[in-house]
Amino acid sequence: MKNIISNNSKNVKCPICHSYDVYKFGKDPKTGNQKYQCKCCKHQGTFLNPVNNRPKKDYPKCPVCGSATYLHHDYKFYSNYSCRKCKHSVFIIKPNCIDDVSSSSLLGKTNFKRLRFPIFIVMQALMLFYVCNSPARKISRFLHLAFNIKVSHVTICKWIKCFAPIFQQKAFSYISKLNFNSDEWHIDETVVKINGLKYWIWFVIDSETRFIISFHISKERSEENAAITLFNASKLGKPSSIVSDRLHGYNVSVKSAFPDLKHIKVKSFADDISNNLIESFNKTFKAWYKSKLGFKSFASANNIVFMFVYFYNFINPHSSLDSLTPAQVAGAEYSEKDKQHLLLAC
């Protein structure tokens, strides 16, 4: 027998005949709300309107027509809202859900204590490896011939990756004073091998200073990893536009990290604005990387790539920048003597 509700405390009445003689009639299959049927006119429905009792959700208004929006998709690091009227998409980021870039978790020594060899020899080995692209065995031979110091190539292989945290602290002390609010930032990805598996490195470069603003190593070529790289770069400045290729993952990641900026997607090399700048950097990086025959582990790859970026930004002069480093063009002030000591002031 149906459960009749008469003169109930909720004042449920039929909206057609206004009778209070109603009874429960199952659940609404779409919303799960309680349905009722009027005993007089047999009208069915959810006579209590639960929509008005729900808390209003703080959805953004459409920036084009000002209409209300609804949640179209909810992803890990952003929410996609769609306008009910003009179907315009609005992307709202979730800052607390963004992972850190791989370059923020470097492993190694934080000082030069307990070294068997002088710091000058260590810096010479690092300079030969990252600037001159010399293998560890040739560096060992050079140190023996030039300074009469015997250093094993195994020791040199440890040097090139274990001092990354020291140089990261030095880079942070300069980067906070630099200006990267230029016209264009370029983003691109390239593939490397780590322990025989394919990984992707994402780079963001400033068009005016040639400074590598951010890099990230990931196992997947996804929009989430592109967004992680751009979010990390957004901490250092804001350009007028972002230039990328036509990879689908850049569409959402650029809108999420820089919702107000212009996104230029390069179609061909004949366009007025091309991605040649970062493609040229990828060529430089690959020429250095191929002689290494891949990396042994993710941690070593992370450290070594950071060291390469450090030498590219702060130590290695660029002919296109009038023999200055990208950091000097961006506003860093240091002498040639500081550069020879790798900015460590030792």
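Residues numbered from 1 in each chain as written. Predicted model: local features only at pLDDT ≥ 70, side-chain atom pairs only at ≥ 80, totals over all residues. Heavy atoms only, no water.

**Student:** Give me the lowdown on the pattern of salt bridges, citing residues and values where you can.
**Tutor:** According to the stated counting rule, one finds 5 salt bridges in the structure shown. Notably, a salt bridge pairs Lys76 with Glu224, separated by 3.1 Å at the nearest N-O pair. Residue Lys76 is located in the loop between strand S5 (69–74) and strand S6 (78–83), and its partner Glu224 is located in helix H6 (residues 223–234); the two are separated by 148 residues in the primary sequence. Lys76 gets classed as partly exposed once you look at its relative accessible area, which sits at 43%. The salt bridge involving Arg221 is made with Glu189; its shortest N-O contact spans 2.5 Å. Residue Arg221 is found in the loop between strand S10 (212–218) and H6, and its partner Glu189 is found in strand S8 (residues 184–194); the two are separated by 32 residues along the sequence. Where salt bridges share partners, they join Lys76, Asp99 and Glu224 into one cluster. (Salt bridge = Lys/Arg side-chain N within 4 Å of Asp/Glu carboxyl O. Helix = DSSP H or I, 4+ residues; strand = E, 2+ residues; numbered from the N terminus. Buried < 20%, exposed > 50% of the residue type's maximum accessible area, 1.4 Å probe, protein only.)

**Student:** Requested: an account of the packing of aromatic side chains, with residues and values cited.
**Tutor:** Note on aromatic pairs: each is described by the distance of the centres and the angle between the planes. For the coordinates displayed, the defined rule picks out 33 aromatic pairs. An angle of 90° between the planes, with centres 5.6 Å apart, marks the rings of Phe120 and Phe147 as edge-to-face. With Phe120 in helix H2 (residues 119–130) and Phe147 in helix H3 (residues 136–147), this residue pair connects regions lying 27 residues apart in the sequence. The partly exposed category is assigned to Phe120, whose relative accessible area is 41%. Using a relative accessible area of 31% as the deciding quantity, one classes Phe147 as partly exposed. (Phe/Tyr/Trp six-rings, centres within 6.5 Å; stacked < 30°, edge-to-face > 60°.)

**Student:** Break down a positive patch on the surface for me, with residues and values.
**Tutor:** Residues Arg246, Lys255, Lys265 and Lys267 make up a contiguous surface patch of positive charge. Note that Arg246 resides in the loop between strand S11 (241–244) and helix H7 (249–257). Note on Arg246: relative accessible area 52%, which makes it exposed. (Patch = residues over 30% accessible without salt bridge, like charges linked within 9 Å, V, L, I, M, F, W, Y side chains within 5 Å. Areas by Shrake-Rupley, 256 points an atom, 1.4 Å probe, with all protein chains shown as cover. Lys, Arg positive; Asp, Glu negative; His and termini not counted. Charge placed at Lys NZ, Arg CZ, Asp CG, Glu CD.)

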